[in-house]
Amino acid sequence: MNKNYTMTYAYEIFFFSAFIAGIAAALILYVHYARKAKRAEAEEIPFERLGKFMVAFAILLIVILTPLSIDPGRNPDPEVITYRGSTALEGWKVAIDYNCMGCHTIVGNGAYYAPELTYVARKAGDGDNIKSLLSAYAGTKFMPFHLSDEEIDALTAWMLYLKDLNTNNWPPMKDNDYSFASSFDKNAVRWYESFDAWLVYWVLTVVFTVFLVFGMFYWYARG
Amino acid sequence: MPEYRSQMLALPFAVVALVLFLVQLIAGGFLAFYYINPDLLSGIANFNLIRAYHLNALILWLFSATFAAVFYMTPMLSKRDLWGQGLVKLLAVVLVLVTIGIFATLPVMQTGNNIWVANQPMLVEGKEYVEAGRLWDILIFIGFMIVALVVQKTLPSPREWPLALWALVIGAAGTFLLYIPGNLFFKSVVTSEYFRWWTVHYWVEGALEIAYAGAIGLVLMLIIPDPRVRKVVDKYIFYDVILAATSGIVGQGHHYFWIGTPTFWIMLGGVISVLEIVPLALMALESLKIAKELEQPFPNIPSLYFMVGILIFGFVGVSLLGLIQTWPWTNWWEHGTWVTPSHGHECMMAFAMGAIALLYLAIPDLTGKPVDRTFVSWGKKAFWLMFVGQIVLATSFGLAGTVQIYHYWILAEPWQKVLEARFPFVPGIVIGGGMVFLGYIYLASSMLRHLLFPVENESYQPPEVKRSWFTTFEGFPFLVVLAVFFALIGTTGLWSFSSSSVLQYGNIWIPYSLSAVAYIGLGIIAVLMASKLARGIEYGHYLE
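Note that the structure is a prediction, hence the values are computed from the model and not measured.

Here is what the cut-offs are and how they apply
- Residues numbered from 1 in each chain as written.
- Chains lettered and ligands numbered in written order.
- Predicted model: local features only at pLDDT ≥ 70, side-chain atom pairs only at ≥ 80, totals over all residues.
- Heavy atoms only, no water.
- Contact = heavy atoms within 4.5 Å.
- Buried area = accessible area lost by both parts, 1.4 Å probe.
- Salt bridge = Lys/Arg side-chain N within 4 Å of Asp/Glu carboxyl O.
- Core = buried A, V, L, I, M, F, W, Y, C linked by side-chain atoms within 4.5 Å.
- Buried < 20%, exposed > 50% of the residue type's maximum accessible area, 1.4 Å probe, protein only.
- Helix = DSSP H or I, 4+ residues; strand = E, 2+ residues; numbered from the N terminus.
- Expected span 1.5 Å × (residues − 1).
- Bend = angle between axes of the 7 residues up to and from the residue.
- Polar contact = N/O pair within 3.5 Å; in protein donor to acceptor, adjacent residues only side chain to side chain.
- pLDDT = per-residue confidence, 0-100.
- Axes fitted to C-alpha atoms, helices over the stretch in contact; angles between N-to-C directions.
- Parallel < 35°, antiparallel > 145°, perpendicular 65-115°, else oblique.
- Left-handed = near helix turned anticlockwise from the far one by under 90°.
- Nonpolar A, V, L, I, M, F, W, Y, C, P; charged D, E, K, R; others polar.
- Phe/Tyr/Trp six-rings, centres within 6.5 Å; stacked < 30°, edge-to-face > 60°.
- Domains from an automatic or database assignment.

**Side note on the interface of chain B and chain A**
Thought 1: In this assembly, 92 residues from chain B lie in contact with 82 residues from chain A.
Thought 2: Of the roughly 8000 Å² buried where chain B meets chain A, counting both sides, 70% is carbon and sulfur surface.
Thought 3: In this assembly, chain B and chain A are joined by two salt bridges.
Thought 4: Among the salt bridges present, the one from Glu79(A) reaches Lys187(B), with a minimum N-O distance of 3.6 Å.

What follows is the structure in structure tokens.
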């Protein structure tokens, strides 16, 4: 096992134990404060500390999840994917220069005036097809700006990169059975993305939800 | 004249906000026009350029209105004039220059002549909501620093702050800080999108929500000087902030389903973002309690209406239209279609109404003129036109999006066909947008008239209006529950796209009719709720 793996595992174990410890602590505090609030005078704000704790917990959670979310192992490297010598990274810069996102969506985000680019790339399949689409549309009334040949190559590389993003099967296509649910194991890169880990998430999240909803309405009922 | 002379410094910011709001609406009109005739402007001002104006004008005018509110309220709270008034004047100049700078450099996206320094884009950043170049971001950030410094130097020691002020300060500081991550350039599209949502989502669901809750709380405390108010407001602010923050921070996950981030977000985001409806539902219910507990007539009716607008759009637009599309099973279908902007437009309108409510409140005080009848009647017209207009627009987007799902994802039609399928709903968007625009005319003219011309001497007194179901709180909690029910119908509608009934047998009427019932029903409920709340308080019908 090399050092990187050890680090990753340590990290993942920390992440899970933090999550479980957080939920457990929240529950204990909740019970404690629920009992205390029953006795408390109406003057003070019940659950003040619990509320602050919940916010702190949510912030901690997002801090822990951030490095896992941008995990470079999950998606292709934009500097490695190339088309005729241009890298996807160069294409991404061209895409920013021309603000493709102001007309198209990219992984579903952006404007809805033109087709979704990840989808276009998946349907086109290979670089040459993508390039011919780009050459066909650039400079037309749909896309009234000039793209040089190099820019088109770079954009093609970038769209090949979009095509290979691990998007949990989105967008809906016949090829993926119109289902993201079948992708859990197929798209899992780390163990915490596998279907087994999902069962753990289910339990944890249901606990979290019950706790929050119940707590909120309890707060409200108390006025 | 206001109590403190330096409060007048809020005025230029208010005017800038009004002008930029107009720019935003005009840009929106051109965007709609693109769907009617795509050829006319193409090559002169491309769709993406106009859309960048639409979004950046919005962001800038919300900033400007927030600055106005801050400079108006800070002296009242600290009971002395603003510190560093020269800096505030400088800020006004910087704001205008930055706005001009942004608008002048955005067209670079039509030629691709962007400038890159140290791997960061300087003139155009080319990502939704953060199109403005890095050059301008730096200036905007310096502007934020000025506001922070002025406020910090003017306010008394934090130990004396009421909770509402804490909320406003935390919210405002959050808005400033969260502007950074979304702007950075990352090599990976995934990382870049991941952090762009920190700006966009945490603004709406976190910082702005908290800031506006705080601002409204402060407003209530300032206009109704009763020690009971502070207690009620404190409690309300506390719950709102805690609930919004807890569900909103992890609820972020609904943006991370399909952008290349790990699958655990489907679970976390799916479940926890559903909880985001709780704080907003409670806020709507809480407002009844506050009104009942205070038993005071509200002195500024236009502002009251727009505050009600935040509550109702917060509940129906932000949380329920959001609920329809936040489940992974429905988001899977609606992501990347026109269903999304139906929610987005009502969300942003909620904040716009917050800013407008604060402007309406500040202006009579700054001019020292009474809140006269014309001011109120134009203000109310502005509210209803904007409110109903935005609902019409959002409904059209939602229905068109549902049609788009079928034609684009399931039939996999070419894009021109998809545009054709969406086209029947474009008139709805145009009509809704037109109503909002008319509302703006009333809004701007009521304010300009108050600023520039003499007004009637008498303050507006609400007429005696007979009690009816439409002007009392009766049944309001039931409407809240009913609205959630309609949102669940909408959820079922989108989810039914996954059923074999639609996929295999093509029973497309199922999702279509469920969506129609949900969107139209939610629109009607929103109008009823606004009528009961706003008119109920105006006419005093909530008093027993």
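**What about the nonpolar core?**
Thought 1: By size, the foremost hydrophobic cluster in this structure holds 277 residues, and its most contacted members are Trp158(A), Trp61(B), Phe71(B), Phe306(B), Ile312(B), Met386(B) and Leu443(B).
Thought 2: Apart from the residues within four sequence positions on either side, Phe306(B) is in contact with Met353(B), Ile356(B), Ala357(B), Tyr360(B), Gly379(B), Ala382(B), Phe383(B), Met386(B) and Leu443(B).

**A look at helix H7 (residues 189-223) of chain B**
Residue and element names in this part refer to chain B.
Thought 1: Between the first and last C-alpha of H7 there are 48 Å, a value that for 35 residues agrees with the 51 Å anticipated at 1.5 Å per step.
Thought 2: The largest bend along H7 reaches roughly 60° and is located at Trp203.
Thought 3: Of all 35 residues that make up H7, 33 are buried, and the element is covered over most of its length.
Thought 4: The N-capping residue of H7, defined by a side-chain oxygen 3.1 Å from the backbone nitrogen of Val190, is Ser188.

**Considering the pattern of salt bridges**
Thought 1: Under the definition given, this model contains 13 salt bridges over all chains.
Thought 2: Between Lys131(A) and Asp149(A) there is a salt bridge, with the nearest N and O atoms lying 3.6 Å from each other. On the criterion of sequence distance, the pair formed by Lys131(A) in helix H5 (residues 127-137) and Asp149(A) in helix H6 (residues 149-163) is long-range, its members being 18 residues apart.
Thought 3: Judged by its relative accessible area of 10%, Lys131(A) is buried.
Thought 4: Among the ionic pairs, Asp39(B) bridges to Lys141(A), the shortest N-O distance being 3.4 Å. Pair noted here: Asp39(B) is in the loop between helix H1 (10-36) and helix H2 (47-78) and Lys141(A) is in the loop between H5 and H6, and the two residues belong to different chains.
Thought 5: Residue classification places Asp39(B) among the partly exposed positions, given a relative accessible area of 39%.
Thought 6: One salt-bridge network, in which partners are shared between bridges, spans Arg51(B), Glu128(B), Glu193(B) and Arg196(B).

**Quick look at the confidence of the model for chain A**
Thought 1: When pLDDT is averaged along chain A, the result is 80; 67% of the residues meet or exceed 70.
Thought 2: Within chain A, H6(A) carries the highest mean pLDDT (97), whereas helix H1 (residues 3-39) of chain A carries the lowest (59).

**Observations regarding the packing of H7(B) against helix H13 (residues 339-367) of chain B**
Two measures define how a pair of helices packs: the angle their axes make with one another and the distance between the axes.
Residues and elements named next belong to chain B.
Thought 1: One way to put it is that H7 packs onto H13 with a least axis distance of 11 Å and a crossing angle of 25°. One way to sum up the angle between H7 and H13 is to call them roughly parallel. The way H7 lies across H13 gives a crossing that is left-handed. Residues Val204, Leu208, Glu209, Tyr212, Ala215 and Val219 of H7 form the contact with H13, whose own contacting residues are Cys347, Met348, Phe351, Gly354, Ala355, Leu358 and Leu361.
Thought 2: For the contact of H7 with H13, the residue count by class is eleven nonpolar, one polar and one charged.

**Thoughts on the packing of aromatic side chains**
Residue and element names in this part refer to chain B.
Thought 1: Per the counting criterion, the structure on display carries 62 aromatic pairs over all chains.
Thought 2: Between Phe63 and Phe144, the aromatic rings sit 5.0 Å apart at their centres with planes inclined by 85°, giving edge-to-face as the arrangement. Here Phe144 lies in helix H4 (residues 134-154) and Phe63 lies in helix H2, a separation of 81 residues in the sequence. Both residues of the pair, Phe63 and Phe144, belong to the buried class.
Thought 3: Ring centres of Tyr179 and Trp203 lie 5.5 Å apart, and the angle between their planes is 5°; this geometry places the pair in the stacked category.

**What to know about the domain arrangement of chain B**
Residues and elements named next belong to chain B.
Thought 1: Domain annotation for chain B reports domain 1 (1-155) and domain 2 (156-540).
Thought 2: If you average the C-alpha positions of domain 1 and of domain 2, the two centres end up 22 Å apart.
Thought 3: Contacts between the two partners involve 49 residues from domain 1 and, on the opposite side, 50 residues from domain 2.
Thought 4: For domain 1, the biggest contributors to the area lost against domain 2 are Leu18, Tyr35 and Leu155; these three give 14% of the whole.
Thought 5: Run the count over domain 1 and domain 2 and you get one salt bridge.
Thought 6: The salt bridge partner of Glu128 is Arg196, with a shortest N-O separation of 3.6 Å.
Thought 7: Seen at the junction of domain 1 and domain 2, the total is nine residue pairs in polar contact (both at pLDDT 80 or more).
Thought 8: Listing elements by their share of the side of domain 1 that touches domain 2, those giving two or more residues are H1, H2, strand E2 (120-121) and H4.
Thought 9: Tallying contributions element by element places H2 first for the side of domain 1 that touches domain 2, with 16 residues.
Thought 10: In the side of domain 1 that touches domain 2, the residues fall into 37 nonpolar, seven polar and five charged.

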